[in-house]
Every structure is written in structure tokens, then in C-alpha cells.
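Here are the chains, one letter per residue:
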Amino acid sequence: RKEVEQDPGPFNVPEGATVAFNCTYSNSASQSFFWYRQDCRKEPKLLMSVYSSGNEDGRFTAQLNRASQYISLLIRDSKLSDSATYLCVYGGATNKLIFGTGTLLAVQP
Amino acid sequence: EAQVTQNPRYLITVTGKKLTVTCSQNMNHEYMSWYRQDPGLGLRQIYYSMNVEVTDKGDVPEGYKVSRKEKRNFPLILESPSPNQTSLYFCASSLGLAGGQVTQYFGPGTRLTVL
């Protein structure tokens, strides 16, 4: 089993749609979780950290379900500029981050 | 401006010709690391450094070397590049340990092709 599993997509959605991504992780001892965004041929950038209680940042909501070992990202009112690859990331051993292979989102006009 | 810089951004080379990819950060971060990104495999850590003169292997260190003589610089060295090292490479830095609630800042990437 991969350490982090994501649906690669692509998710093709119209502008204004709500879209959700899930990601499962294998290490139940993981303490820190993140969503990173990566535009085509660019570097990953932190979108948001994911906290146990769930957290929201504008149109983005992240949730953590420790019992089922998955995290989710919900994007409301999708914009064209949201088109990117979304990477699920968690803190593995003390000195490393484990990255998923990413989910591609394409928002259509 | 706070940033991580890498050079070169693009490089085409031949098997066996030693090369160095430089990485520099201006945020006074202790932690720096190198990743490679390949289709279907995601980002994999090559080496990391927790501070000056402290480096350790990541998941895929074979064929690579690093050094950390100064806090701001963390070069990646390929002594004898091979075609399977063709990849997109990212340098990253952060204030503390990668597993904690800290933000990793990535450089713009170096696209390496080894013929």
C-alpha cells in the first residue's frame, strides 16, 4: 500500500462548482497534514495545514478523519484560477514530509 | 523578498559528466532538503539537512551527494549522472523539522535531462 493515496483525476468541473478531494494515508502515527498546490511546471506551495478539528480558509475547507486515516479538501465556488494539481502531504518520520502524487483539477469556463 | 533559488533551471547533460545544482535560501532556515519529482511517483526526498554540517539520506539518495557548509546554501551534486536521474528537482527549506506544523518553501525547480 502506498503511504499516501490520491485519486489522480483529472477532475473537470464548471466554474462555480463545489469539488472535493480525498486522500488516504498509511501511517496512523502521523501528526501533521497539509494540502499543497502545484501549478503546471511550477513548485509546490502550501495551500493549508489540516487540523484535527477541521479548518476553513475562504472557499477552502480541510478535514482530517484519523479513525479512517484520510484527509479531505473541499473547494466551493470554483474559479478558473483554482486549476492546478493538489498534493496531499503528511509528516512522516520526524524529518520528512510524505507527498501524494496529486489530484489534477481543471475548472472549465 | 523571501525566496529559495536554484540554478540552473534547465540542464541537458550526458552520462557521466559531473554536475552541481545550487540551492540558496535567504530566510535563515535551518532545515533544507532536495526532492525529485517524477510522473506517477510524486515528490521523493533525496537528502535533507537539519543545520550546517548536518545532512542525512532521504528515500532515494543513491547517485547523489550534498553538502551544507553554510546555512543558506545546499548544493546537490551528481558525480556521475545517469539517464534514470532525468527528473524535475526541487530544493526546499523551512524553519524547523519537516514533520511538524511548518511550511516548506520550494525553489522554482531544475529540469534535468541526462542523455
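The coordinates are above.
A few points on the structure. (Residues numbered from 1 in each chain as written. Chains lettered and ligands numbered in written order. Predicted model: local features only at pLDDT ≥ 70, side-chain atom pairs only at ≥ 80, totals over all residues. Heavy atoms only, no water.)

**With respect to the interface of chain B and chain A**
Item 1. Each side of the interface is counted separately: chain B has 24 residues, and chain A has 25 residues.
Item 2. The junction of chain B with chain A conceals about 1800 Å² of combined surface from both sides, 51% of it contributed by carbon and sulfur atoms.
Item 3. Of all elements in the fold, only β4 (31-38) and β5 (42-51) of chain B reach the threshold of two or more residues within the side of chain B that touches chain A.
Item 4. When residues in the side of chain B that touches chain A are grouped by element, the largest group, five residues, is from β5 of chain B.
Item 5. Taken together, the residues that form the side of chain B that touches chain A break down as 12 nonpolar, 10 polar and two charged. (Contact = heavy atoms within 4.5 Å. Buried area = accessible area lost by both parts, 1.4 Å probe. Helix = DSSP H or I, 4+ residues; strand = E, 2+ residues; numbered from the N terminus. Nonpolar A, V, L, I, M, F, W, Y, C, P; charged D, E, K, R; others polar.)

**What about the packing of aromatic side chains?**
Item 1. Taken as a whole and assessed by the stated rule, the structure comprises 14 aromatic pairs over all chains.
Item 2. Each ring, one from F99 of chain A and one from Y35 of chain B, has its centre 5.4 Å from the other, and the planes form 80°; the classification is edge-to-face. With F99 of chain A in strand β10 (residues 97-99) and Y35 of chain B in strand β4, this pair bridges two chains.
Item 3. Members of the aromatic cluster, joined through ring pairs, are F34, Y36 and F99 of chain A together with Y35, F90 and F106 of chain B. (Phe/Tyr/Trp six-rings, centres within 6.5 Å; stacked < 30°, edge-to-face > 60°.)

**Observations concerning the nonpolar core**
Item 1. In terms of nonpolar packing, the biggest core is built from 24 residues, with F21, W35, I71, L73, I75, Y86 and L105 of chain A touching the most fellow members.
Item 2. Contributions of two or more residues to this core are made by β3 (19-25), β4 (33-38), β5 (44-50), β7 (60-65), β8 (70-75), β9 (84-91) and β11 (103-108) of chain A.
Item 3. The residues contacting I75 of chain A, other than those within four sequence positions of it, are A17, T18, V19, F21, R59, F60, D82, Y86 and L105 of chain A.
Item 4. Formed by 19 residues, the second largest nonpolar core is a distinct cluster that contains L19, V21, M32 and I46 of chain B. (Core = buried A, V, L, I, M, F, W, Y, C linked by side-chain atoms within 4.5 Å. Buried < 20%, exposed > 50% of the residue type's maximum accessible area, 1.4 Å probe, protein only.)

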